[in-house]
Amino acid sequence: MEKAILKTLIYANIFDYPLKGYEIHKWLIKKNGSLTKVENGLKKLLDRKKIENERGYYFLLRKKDLVLKRKRKERQSEIYFQKAKIFGQFLKIIPWIKLMGISGGLALNNADKKDDIDLFIITGSNRLWLSRLFLIFLLDIFGIRRKVTTSSSKVSGKLCLNTILEQDFLEQKFKDIFVAHEVLQMKVLWERDGVYGKYLEDNNWAFKFLPNWIGQETSLRGVKRRSNLFSVRKSLLINNEIATPFGLAMTLERIAKWLQLKIMQKPKGLERIEEGALYFYPKDCREKILNLY
């Protein structure tokens, strides 16, 4: 247990993020165990002077300053989170969006004033590019979208279309501790049709890394099983292709994709364009974090 606790604190330390006891239990890396066992392990580590504690926060040795840093980030995160909630509700007018959430540091209330706000989007089938087009249009109207060309000094509080997935392509390609955290720490602002449960189901590999995790939705009630997905997709096909004259919606989706790919710059870092998935990560954080860990 002590080794798992140290792994968890080491990972959190990379993000300057001290943890409370129940948070260590929630994010415990590759170890099942009760909160009582975690608390006993923490006591042993404190007695052996392997870690320190301040105001209920645990951290590595000589990292006491991180407690005040976390408090400051929590205050800033509340400001950004309220901003995201306001605009997130407004973006409900786009009918194809099934889920809107917050990812990155803000999802853990660990955002700095200089940070942007990472949005996580799930769309309906064959509606990724149309949804992105409308999102860009609406965010640009309010002047709050982080663009590829936005300088690092001007990204503060801007909304970044960080990840956009279609509901049939939710499983993450990379399966490691970094992506497991990204999957499970994502905070849902709103959803439709129980798609968040399906997202957790399609990425249940993440629980091998974080088996104690408990989040906004721990039940998969209402999630359609894979055996029923064919009928779901068939229904969507009928709704989108037959009910729409001459497949107009699919034609618009193809035009939206062609137009945006023409405008987009060449992907770099962790920017990826895949079937049913679009990722915008200006900095290749994953490899860096894994190497540090």
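For the structure, see preceding data.
Numbers given to residues run from 1 along each chain, matching the order in which its sequence is written. Since the coordinates come from a predicted model, pLDDT governs what is reported: local features require at least 70, and pairs of side-chain atoms require 80 or more to be given and counted, while whole-chain, interface and lining totals use all residues. Just so you know, side-chain values use all the structure's heavy atoms and leave hydrogens and water out.

> An account of the sheet that holds strand S8 (residues 272–274) is needed here, citing residue identities and associated values.
Criterion used throughout: strands pair if DSSP finds at least two bridges between them. What counts as a helix is a DSSP run of H or I of at least four residues, what counts as a strand is a run of E of at least two, and both are numbered from the N terminus. Read across the sheet, 6 strands follow the order S7-S4-S5-S6-S9-S8 without closing on themselves; strand pairing throughout is mixed. For this open sheet the edge positions go to strand S7 (187–191) and S8, each flanked by a neighbour on one side alone. Within the sheet, the average angular offset between the axes of one strand and its neighbour, ignoring direction, is 20°. Relative to strand S5 (residues 117–123), strand S4 (residues 97–103) runs antiparallel, the two being bridged by 6 bridges. Bridge pairing links Ile-97 to Thr-123 in S5. Axis lines are fitted through C-alpha atoms, for helices just across the contact stretch, and the angle between N-to-C directions can take any value from 0 to 180 degrees.

> I'd like a description of the sheet that holds strand S3 (residues 57–60), backed by residues and values.
Reading across from one edge, S1-S3-S2 is the order of the 3 strands in this open sheet, with antiparallel pairing throughout. Looking along the sheet, the strands with just one partner apiece sit at the ends: strand S1 (19–20) and strand S2 (51–54). Sheet topology places S1 next to S3; 2 bridges connect them, and they run antiparallel. In the strand pairing of S3, Lys-20 is matched with Tyr-57. The contact criterion used throughout is that any non-hydrogen atoms of two residues lie within 4.5 Å. Contacts between helix H3 (residues 35–47) and the sheet are confined to S2 and S3, with S2 contributing the most and set at about 110° to the helix.

> Outline the pairing of S3, supporting the account with residue identities and numerical values.
Of the pairings in the sheet, the one linking S2 to S3 comprises 4 bridges and is antiparallel in character. Opposite Glu-54, over in S3, you have Tyr-57 as the bridge partner. Joining the antiparallel neighbours S2 and S3 is a turn of 2 residues, in which Arg-55 adopts a positive phi near 55°.

> So what's going on with the pairing of S4? Residues and values would help.
Any residue under 20% of the maximum accessible area for its type is buried, any over 50% is exposed, and the rest in between are partly exposed; the area is computed with a 1.4 Å probe on protein chains only. Most of S4 sits inside the fold, with 7 of its 7 residues counted as buried. Of the pairings in the sheet, the one linking S4 to S7 comprises 4 bridges and is antiparallel in character. Of the residues in S7, the one forming a bridge with Ile-102 is Lys-187.

> Which residues make up a nonpolar patch on the surface, and what are the values?
A surface patch of nonpolar side chains, about 520 Å² in accessible area, is lined by Phe-90, Ile-93, Phe-137, Ile-141 and Phe-142. Note that Phe-137 resides in helix H5 (residues 128–141). Here a patch means residues that are over 30% exposed by relative accessible area and free of salt bridges, tied together within 9 Å if like-charged and within 5 Å if nonpolar (Val, Leu, Ile, Met, Phe, Trp, Tyr). Methods summary: accessible areas were calculated by the Shrake-Rupley approach with a probe of 1.4 Å, and residue burial reflects only the protein chains presented. Salt bridge criterion: a side-chain nitrogen from Lys or Arg within 4 Å of a carboxyl oxygen from Asp or Glu.

Purely geometric numbers; function is a separate question.
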